[in-house]
Amino acid sequence: MIDGAEGQAAATRCGFVALIGAPNVGKSTLVNALVGSKVTIVSRKVQTTRALIRGIVIEGQSQIILVDTPGIFSPKRRLDRAMVSTAWSGAHDADLVCVLLDAKAGLDDEAQAILTRLESVAHPKILVLNKVDLVAREKLLALAQAANERMRFEHTFMISALSGDGVDDLRRTLAQMVPEGPFLYPEDQMSDAPMRHLAAEITREKIYGHLHQELPYQSTVETDSWKDRKDGSIRIEQTIFVERESQRKIVLGKGGATIKSIGAESRKEIAEIMGVPVHLFLFVKVRENWGDDPDRYREMGLDFPKE
């Protein structure tokens, strides 16, 4: 009896949890809140998450692997179609699905379309109402009831991913719901996105922070070199790719002021994550029609749509 009890106590759980929702519903912010560290970029501009960037959470004897999918929206261009396709494959491949709704937006057309398509996903689903601090309690309860009448959810959570309110309860429940099994990642690993990729994502976030009005979101950043120096610091070279010369001038700014600010902010954040000094060098190049280049999609972890 004692041996059995000890064996049961030592059993580990591990599973994939897909976060599904419309653009800007707060998926990236929630990943960062659950993990307790920055693993995916957060931006005011919609559609900044392009690939299945996973955050890895250890809660007790459970390892929760978060699949942060691109926001689901009506695709118009090839890149849009690739992102939406990737989001749905993430939902079908996961063990659990967290459906995020913006409490302020409620069951709008985007949310309704997502719930309709989720009917074909067989996994257990959890409803997460985010940004609840912006909505009156009566409206929240009515929204939760309406969503649960629309689709069966195992649990409903009301959270603020930004402040962290309600996130601990969600984390504990996910830990209980993932299936039994061994951990798939080392316990000290927060994300399977390599640091080169995360560094590029951080720079891309800073670009949006400065230029979210002027620059289309189809710019991309690639880490060209990453060298550990003898003094313990890291030297990083990155290239920012845009589609037109006019966009390159916008990123550079007058006298190079804009790219200098972007670089300083990115370098500071990468250094904080790495815990060592960082020397960051940014270059801006025009790569026309990169949105139609299959190689770029593979680099971002997306399938290239044929049409």
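Summarised in this report is the structure supplied together with it. As the structure is a prediction and not an experimental result, all values here were calculated from the model.

Where helix H8 (residues 245–252) meets helix H9 (residues 257–274), the axes come as close as 5 Å, and the angle between the chain directions of the two elements is 60°. Counting all contacts with H8, which are made through Ile250, Val251 and Leu252, the residues of H9 involved are Ala257, Thr258, Ile259 and Ile262. Taken together, the residues that form the contact of H8 with H9 break down as 6 nonpolar, 1 polar and no charged.

As a further point, take the packing of aromatic side chains. All told, the structure shown has 0 aromatic pairs when counted by the stated rule. Against the face of Phe281 rests Arg235, its NZ or CZ located 4.2 Å from the ring centre.

Okay, the pattern of salt bridges next. For the structure shown, the criterion picks out 13 salt bridges. With its nearest N and O atoms 3.2 Å apart, the salt bridge here joins Lys131 to Asp102. Here the residue Lys131 occupies a position in the loop between strand E5 (125–130) and helix H5 (137–150), and Asp102 occupies one in strand E4 (residues 96–102), the gap between them amounting to 29 residues. The exposure class assigned to Lys131 is partly exposed, which follows from its relative accessible area of 24%. In this structure, the salt-bridge partner of Asp231 is Arg229, at a minimum N-O distance of 3.8 Å. Among the residues examined, Asp231 registers a relative accessible area of 55% and is labelled exposed. With relative accessibility at 37%, the residue Arg229 sits in the partly exposed group. What emerges from the salt-bridge pattern is a single network uniting Glu205, Lys206 and Glu269.

Take the pairing of strand E7 (residues 220–228) next. Taken together, the 8 bridges between E7 and strand E8 (residues 234–242) define a ladder with antiparallel strand orientation. The residue of E8 that forms the bridge with Asp228 is Ile234. Taking the residues that link successive antiparallel strands as the turn, the E7-E8 hairpin has 5 residues, and the phi of Gly232 there is positive, at about 95°.

We now examine helix H4 (residues 109–118). When we look at burial in H4, the residues that qualify are Ala111, Ile114, Leu115 and Leu118. All buried residues of H4 fall inside an arc of 100° around its axis, so they share one side.

Procedures and definitions
Residues numbered from 1 in each chain as written. Predicted model: local features only at pLDDT ≥ 70, side-chain atom pairs only at ≥ 80, totals over all residues. Heavy atoms only, no water. Axes fitted to C-alpha atoms, helices over the stretch in contact; angles between N-to-C directions. Helix = DSSP H or I, 4+ residues; strand = E, 2+ residues; numbered from the N terminus. Contact = heavy atoms within 4.5 Å. Nonpolar A, V, L, I, M, F, W, Y, C, P; charged D, E, K, R; others polar. Phe/Tyr/Trp six-rings, centres within 6.5 Å; stacked < 30°, edge-to-face > 60°. Lys NZ or Arg CZ within 6 Å of the ring centre and 35° of its normal. Salt bridge = Lys/Arg side-chain N within 4 Å of Asp/Glu carboxyl O. Buried < 20%, exposed > 50% of the residue type's maximum accessible area, 1.4 Å probe, protein only. Pairing = 2+ DSSP bridges. Arc of directions from axis to C-beta.

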